[in-house]
Amino acid sequence: MSAIRTVGTVAVSVFRESVRDKVLYNLVAFAVLLMAASYLIGQLTAGQDIKIIKDLGLAAIATFGLMIAVFIGIGLVWKEVERRSIYSLLSKPLSRAEFILGKYCGLGLTLVVNVVVMVVAWYIVLAYMATTVPPEVRAAWPAPATDLGMLRAVGLILVELMLVTAIALFFSTFSSPFLSAGLTLGLWVIGHFNADLKNFEAVVDSRAAAWFAHGLYYVLPNFSAFDIKQQVVYAQAVPASYLATTALYGAVYIALLLAASVAVFSRRDFK
Amino acid sequence: MPVVLVMLMASAIGLQALRERGGELPTGADSLLYVRSPGAVQRLALSYKSILADVYWIRAVQLYGDTKLGRTAYRSYSRLYPLLELATTLDPYFDVAYQFGALFLAEAPPGGPGRPDLAIALLQRGLEAQPDDWQLYQAIGFVHYWTTQDYAAAADWFGRASRQPKAPTWMAPLAAVTLAEGGNRRSSRLLWQQIQQSATDDWFRNEADRRLKQLDAMDQIDLLTKVVTAFTARFGRAPASWAELARTGFVRGAVVDPTGAPYRLEGSTVTLDPASKLLPLPKEGGARP
């Protein structure tokens, strides 16, 4: 129980620090982007305003979240080491595992707050835009403007962001911020090419290379699995089993990375 | 410090305006399409396929509009199909991109590229992703009806549309009328009335409205031509003006087209005013009796 309290204390301090660092300012940028887009899109395109605002909202939530996860995640441990505050922290009744988990949960909390506020702003813009469209046009949409089914995609985006945070935190336990950012973003990009790794035998003759690529497909985090934006915008069926399996996959991968982070960080010598 | 910042900003704006006054540098017609391969774009888009599809769609709309209105130095629609292909590869369910895109591609020059073959190819790509979407079948029939004027093919595609799960009940009669009377005004009117009633988009509804007014104008021109012929038979010469026809009791009130523009009378020929929004009138197809 006390371990949970300790982790919670670290998490809250990380959240407060991110507020102090004006991370939540991105919410203003998000709101301005959506409001400006909702006005401009109507002038630029032919009758696809709602679809485009849905796409834009989901893409912006994912992008803003990714930036926060990567660029704050890589500094979580490094900043404490660089400022030498790690010595005073570790001299307190705080284990290294609690420190890592607290840092992770703190950034997770920041991301959740960000995503929730962005989603609320996005739904308000969509609801407003729907009022500007005649009822007969609304009737032809595959789903209402404020379709709650889109939250399924938001949920998987959040799991993806938590996974990116875990990767960034893992790299930050042993490398510099620049390298950590490069490695995290690199893994995120590779994770979106996973389908190509799976079907590598279609483009190479070497059986060994195909097997190697196949192995990478299973070992590397499969970020493309978290992307169901297109399906929810068209209100297509996404089986609950798919959502559950993907979320569980993310959770297991996050647990693996956190365990690895704790293991690496526990062995670090700060003398 | 604030004064310096304001002055620097004002200088930047002034220089921008000054540079623009010198005209734009020439750009190659294809210089804006960085990646042409749909497969490559699909991979590079990572998890942003939908929003990138929207970007390509907006670019297609802008290209079509700018070229049609003559706002571009190169009056070329050559990038229209690649942009639509990229948009629909990234988002295979992008119905509007298929339907509007096909209309854009099929439109005869100078209002469009005049490529019904590409319009049909685009719609058939849509059918690969959504084989039971009746609107895509209807759109292919539409291209055959209006552009290639192959009424048998149009009727065939309308018939296929009528057999799709969510097809409206008027689709089957439309196929039959097209087969029997393809190209005549009655079948055209039926087609546009159905589109006007079922349109879920302002653009389609306005276009149907305009097309129906064109058909009304064609009927009115036929009627007015008969009136002019009757006047000529009675007085041995063509009327000098609509006013003369009105004085002699052949017509009553203003002789205007459905948009309110006056008809033009030259000798025995009645035409739309060159400024009429209904121009150009559609060609009469090979109507069957």
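Whatever comes next refers back to the structure up there.
Residues numbered from 1 in each chain as written. Chains lettered and ligands numbered in written order. Predicted model: local features only at pLDDT ≥ 70, side-chain atom pairs only at ≥ 80, totals over all residues. Heavy atoms only, no water.

**Quick look at the overall build of chain B**
Looking only at helices and strands, one finds 12 helices and two strands in chain B. The order of α-helices and β-strands along chain B, N terminus first, is α-α-α-α-α-α-α-α-α-α-α-α-β-β. On C-alpha atoms alone, chain B measures out to a radius of gyration of 25 Å, which is more than a quarter above the 19 Å that the 2.2 N^0.38 rule sets for 289 residues. In terms of overall dimensions, chain B has C-alpha extents of about 85 × 55 × 30 Å along its principal axes. (Helix = DSSP H or I, 4+ residues; strand = E, 2+ residues; numbered from the N terminus. Rg over C-alpha atoms; globule rule 2.2 N^0.38 Å.)

**Observations regarding the nonpolar core**
Of all hydrophobic cores here, the largest spans 82 residues; its most connected members are Ile-53, Leu-58, Ile-61, Trp-122 and Leu-163 of chain A. In terms of residue count, the dominant contributor to this core is helix H8 (residues 151–172) of chain A (15 residues). Setting aside chain neighbours within four positions, we find Leu-58 of chain A in contact with Trp-122, Ala-153, Val-154, Ile-157, Lys-229, Val-232 and Val-233 of chain A. Grouped together as the second largest cluster of nonpolar side chains are 59 residues, Trp-57, Tyr-77, Tyr-81 and Leu-136 of chain B included. (Core = buried A, V, L, I, M, F, W, Y, C linked by side-chain atoms within 4.5 Å. Buried < 20%, exposed > 50% of the residue type's maximum accessible area, 1.4 Å probe, protein only. Contact = heavy atoms within 4.5 Å.)

**Structural notes on the pattern of salt bridges**
With the rule as written, the count across this model stands at 18 salt bridges over all chains. With a closest N to O distance of 3.0 Å, Lys-51 of chain A and Asp-91 of chain B form a salt bridge. Here Lys-51 of chain A, found in helix H3 (residues 49–73), pairs with Asp-91 of chain B, found in the loop between helix H4 (80–90) and helix H5 (95–106), and the two come from separate chains. In this structure, a network of salt bridges that share partners links the residues Glu-17, Asp-21, Lys-79, Glu-80, Arg-83 and Lys-103 of chain A. (Salt bridge = Lys/Arg side-chain N within 4 Å of Asp/Glu carboxyl O.)

**Focus: the interface of chain B and chain A**
Every contact between the two is made by 22 residues of chain B and, on the other side, 26 residues of chain A. Counting the surface chain B buries against chain A, the share from its top three residues, Leu-46, Ser-47 and Tyr-48 of chain B, is 26%. Inspection of the chain B/chain A interface yields two salt bridges. Counting every contact that joins chain B to chain A gives eight residue pairs in polar contact (both at pLDDT 80 or more). Looking at the side of chain B that touches chain A, the elements that each hand over two or more residues are helix H3 (49–68) and H5 of chain B. Ranked by residues supplied to the side of chain B that touches chain A, first place goes to H3 of chain B with eight residues. In terms of residue class, the side of chain B that touches chain A is made up of 12 nonpolar, four polar and six charged. (Buried area = accessible area lost by both parts, 1.4 Å probe. Polar contact = N/O pair within 3.5 Å; in protein donor to acceptor, adjacent residues only side chain to side chain. Nonpolar A, V, L, I, M, F, W, Y, C, P; charged D, E, K, R; others polar.)

**Some remarks on unusual backbone geometry**
All names here are of chain A. In this structure, Arg-84 is a non-glycine residue whose phi angle is positive, near 65°. Mapped onto the secondary structure, Arg-84 falls in the loop between helix H4 (75–82) and helix H5 (85–90). One non-glycine residue, Ala-235, lies in the positive phi region at around 55°.

**Observations concerning the packing of aromatic side chains**
A complete count under the given rule lists 28 aromatic pairs over all chains for this structure. Their ring planes at 10° and their centres at 4.0 Å tell us that Tyr-64 of chain B and Phe-104 of chain B sit as a pair that is stacked. Taken together, the residues Tyr-64 of chain B in helix H3 and Phe-104 of chain B in helix H5 connect sequence positions 40 residues apart. For the pair formed by Tyr-64 of chain B and Phe-104 of chain B, the shared burial category is buried. For the ring pair Tyr-137 of chain B and Trp-157 of chain B, a centre distance of 5.9 Å and an interplane angle of 35° mean the geometry is tilted. With a gap of 20 residues between them, Tyr-137 of chain B in helix H7 (residues 134–148) and Trp-157 of chain B in helix H8 (residues 151–162) connect regions that are remote in the sequence. For the pair formed by Tyr-137 of chain B and Trp-157 of chain B, the shared burial category is buried. The rings of Trp-57, Tyr-64, Tyr-77, Phe-94, Phe-100 and Phe-104 of chain B are connected pair by pair, giving a single aromatic cluster. It is Lys-229 of chain A that lies over the ring of Tyr-48 of chain B; its NZ or CZ is 5.7 Å from the centre. The positively charged end of Arg-211 of chain B is found above the aromatic ring belonging to Trp-146 of chain B, 5.4 Å away from the centroid. (Phe/Tyr/Trp six-rings, centres within 6.5 Å; stacked < 30°, edge-to-face > 60°. Lys NZ or Arg CZ within 6 Å of the ring centre and 35° of its normal.)

**A short note on the environment of Lys-213 of chain B**
All names here are of chain B. Mapped onto the elements of the fold, Lys-213 is located in helix H11 (residues 202–235). Residue Lys-213 is classed as partly exposed on the basis of its relative accessible area, which comes to 27%. Linking Lys-213 and Leu-278, residues 65 residues apart in sequence, is a C-alpha distance of 7.4 Å.

**Considering helix H1 (residues 2–20) of chain A**
Residue and element names in this part refer to chain A. Taking 1.5 Å of rise per residue, 19 residues should cover 27 Å, and H1 covers 27 Å from first to last C-alpha, within 8% of that figure. Along its buried surface, H1 packs onto H4 and helix H6 (96–131). Downstream of H1 by a residue or two, Lys-22 has a phi angle that is positive, lying close to 65°. (Expected span 1.5 Å × (residues − 1).)

**Some details on H4 of chain B**
Counting buried positions along H4 of chain B gives 10 out of 11 residues, so the element sits mostly inside the fold. Of the residues making up H4 of chain B, those classed as buried are Leu-80, Tyr-81, Pro-82, Leu-83, Leu-84, Leu-86, Ala-87, Thr-88, Thr-89 and Leu-90 of chain B. On its buried face, H4 of chain B sits against helix H12 (229–233) of chain A together with helix H2 (38–44), H3, H5 and helix H6 (116–129) of chain B.

**Considering the packing of H8 of chain A against helix H13 (residues 240–267) of chain A**
All names here are of chain A. Two elements in contact, H8 and H13, have axes separated by 9 Å at closest approach and are oriented at 15°. The angle between H8 and H13 places the two elements in the roughly parallel class. Read as a crossing pair, H8 and H13 show a hand that is left-handed. Contacts between H8 and H13 involve Arg-152, Leu-156, Val-159, Met-162, Leu-163, Ala-166, Ile-167, Leu-169 and Phe-170 from the first element and Tyr-242, Leu-243, Thr-246, Ala-247, Gly-250, Tyr-253, Ile-254, Leu-257, Leu-258, Ala-260, Ser-261 and Val-264 from the second. The residue inventory of the contact of H8 with H13, partitioned by class, reads 17 nonpolar, three polar and one charged. (Axes fitted to C-alpha atoms, helices over the stretch in contact; angles between N-to-C directions. Parallel < 35°, antiparallel > 145°, perpendicular 65-115°, else oblique. Left-handed = near helix turned anticlockwise from the far one by under 90°.)

**What about empty space enclosed by the protein?**
Under the criterion given, the structure shown has two cavities of 30 Å³ or more. When its volume is computed, the largest cavity comes out at roughly 60 Å³. In terms of lining, the largest cavity is formed by Ala-62, Leu-66, Ile-157, Glu-160, Leu-161 and Trp-188 of chain A together with Ser-47 and Tyr-48 of chain B. Looking at the lining of the largest cavity, the elements with two or more residues in it are H3 and H8 of chain A. With three residues, H8 of chain A is the single largest residue contributor to the lining of the largest cavity. Looking at side-chain class alone, the lining of the largest cavity contains six nonpolar, one polar and one charged residues. It is H11 of chain B that provides the largest number of residues to the lining of the second largest cavity, a total of three residues. (1 Å grid on protein atoms, 1.4 Å probe; cavity = no way out; pocket = protein on both sides within 12 Å on 5 of 7 lines; lining within 4 Å. Points joined across faces, edges and corners; volume = space filled by probe spheres on them.)

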